[in-house]
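# What the coordinates show
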Amino acid sequence: MGKSSFGIDPNVIKQIAAEIQALEAAGVEIAVVLGAGNFFRGSGLAAAGIDRVTADHMGMLGTVMNSLALQDALEQLGMHARVMSAIVINEVCEDYIRRRAIRHLEKRRVVIFAAGTGNPFFTTDSAASLRAVEINADLLIKATKVDGVYTADPVLDKTATRYDSLSYDEVIEAKLGVMDTTAVVLCRENNMPLRVLDMMNKGALMRAVKGRHEGTLVTQKAGEL
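Bear in mind the structure is a predicted one, so any value in this text is a computation, not a measurement.

### Quick word on the pattern of salt bridges
Going through the model one piece at a time under the given rule, you end up with eleven salt bridges. For the salt bridge of Asp-169 with Arg-188, the shortest nitrogen-to-oxygen distance reads 2.7 Å. On the criterion of sequence distance, the pair formed by Asp-169 in helix H6 (residues 168–173) and Arg-188 in helix H7 (residues 181–189) is long-range, its members being 19 residues apart. When its relative accessible area of 25% is taken as the criterion, Arg-188 is described as partly exposed. The shortest N-O distance in the salt bridge between Glu-214 and Arg-207 comes to 2.7 Å. Given a relative accessible area of 9%, Glu-214 falls into the buried group.

Given below as structure tokens:
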């Protein structure tokens, strides 16, 4: 979305694609889950009076649009990418099949998981955690617009401080809002390391993948990896 209030900013999608290209060049296998907040959020539509299931389905379709945009940006850089959707939409992308997704990764293709989990009431955070576990990822990165997890909303509270590391239980008990609780519990139960960072901070993804400190790391015990 960039600095706009709606839609896709071509410059932002190109920047994200360039960051992913650098990772791929370094030999990293990459899978991506995208949200659709730049178009609309299912929960927000539901609050406005639309049936929640219908609203969530609209949100899933929004993630497909974002996924296709990222796929195009990656292909313009000469990369190979595949969009795999949790809902059947064969005319524009593949169905999500776990073994096929893993095979794409083995062939050095960037896999973009669209349509969340394919179920209403589940966020794209939960989808990211689920897919990370399913493909046996080494690290789940929550790429957002804040450079980590803070004691409070840094936009509203200027005294808020950033955590370098946290445990899953600390995130849940303190209701820190890193990801929705279902997503954090799924990470905890499957010992999936989670790092929260600012996507627009140039080089952040590469630093995180190389194991350098970036943003906030969430694991079973704060500070361990």
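### What to know about empty space enclosed by the protein
Within the structure shown, the criterion is met by one cavity of 30 Å³ or more. Lining the largest cavity, in full, are Glu-24, Val-28, Glu-29, Ile-30, Leu-105, Arg-108, Arg-109 and Val-110. Partitioned by chemical class, the residues of the lining of the largest cavity number four nonpolar, no polar and four charged.

### What to know about the packing of helix H1 (residues 10–25) against helix H3 (residues 52–76)
Between H1 and H3, whose axes approach to 9 Å, the crossing angle comes to 60°. The orientation of H1 relative to H3 falls into the category oblique. Handedness of the H1/H3 crossing: right-handed. Contacts between H1 and H3 involve Ile-13, Ile-16, Ala-17 and Ile-20 on the former and, on the latter, Ala-69, Leu-70, Ala-73 and Leu-74. For the contact of H1 with H3, a count of residues per class yields eight nonpolar, no polar and no charged.

### Remarks on the nonpolar core
Judged by nonpolar contacts, the single largest core of 28 residues is most densely connected at Ile-20, Leu-70, Leu-74, Val-110 and Ile-112. Contributions of two or more residues to this core are made by H1, H3, strand E2 (81–85), strand E4 (110–114) and helix H8 (204–209). Not counting the four nearest positions on each side in its chain, Leu-70 is found in contact with Ile-13, Ile-16, Ala-17, Ile-20, Val-32, Leu-34 and Ile-112. Formed by 17 residues, the second largest nonpolar core is a distinct cluster that contains Ala-128, Val-149, Leu-166 and Val-171.

### Some words on unusual backbone geometry
Peptide bonds are, in most cases, trans, and in most cases residues other than glycine have a negative phi. Although it is not a glycine, Phe-121 sits at a positive phi angle of roughly 75°. Tracing the backbone through its elements, the reader meets Phe-121 in the loop between E4 and helix H5 (124–134). In this structure Phe-121 comes out as exposed when scored by relative accessible area, which is 53%. For Asn-191, which is not glycine, the phi dihedral falls at a positive 50°. By the element assignment, Asn-191 lies in the loop between H7 and strand E7 (194–198).

What counts and what doesn't
Residues numbered from 1 in each chain as written. Predicted model: local features only at pLDDT ≥ 70, side-chain atom pairs only at ≥ 80, totals over all residues. Heavy atoms only, no water. Salt bridge = Lys/Arg side-chain N within 4 Å of Asp/Glu carboxyl O. Helix = DSSP H or I, 4+ residues; strand = E, 2+ residues; numbered from the N terminus. Buried < 20%, exposed > 50% of the residue type's maximum accessible area, 1.4 Å probe, protein only. 1 Å grid on protein atoms, 1.4 Å probe; cavity = no way out; pocket = protein on both sides within 12 Å on 5 of 7 lines; lining within 4 Å. Points joined across faces, edges and corners; volume = space filled by probe spheres on them. Nonpolar A, V, L, I, M, F, W, Y, C, P; charged D, E, K, R; others polar. Axes fitted to C-alpha atoms, helices over the stretch in contact; angles between N-to-C directions. Parallel < 35°, antiparallel > 145°, perpendicular 65-115°, else oblique. Left-handed = near helix turned anticlockwise from the far one by under 90°. Contact = heavy atoms within 4.5 Å. Core = buried A, V, L, I, M, F, W, Y, C linked by side-chain atoms within 4.5 Å.

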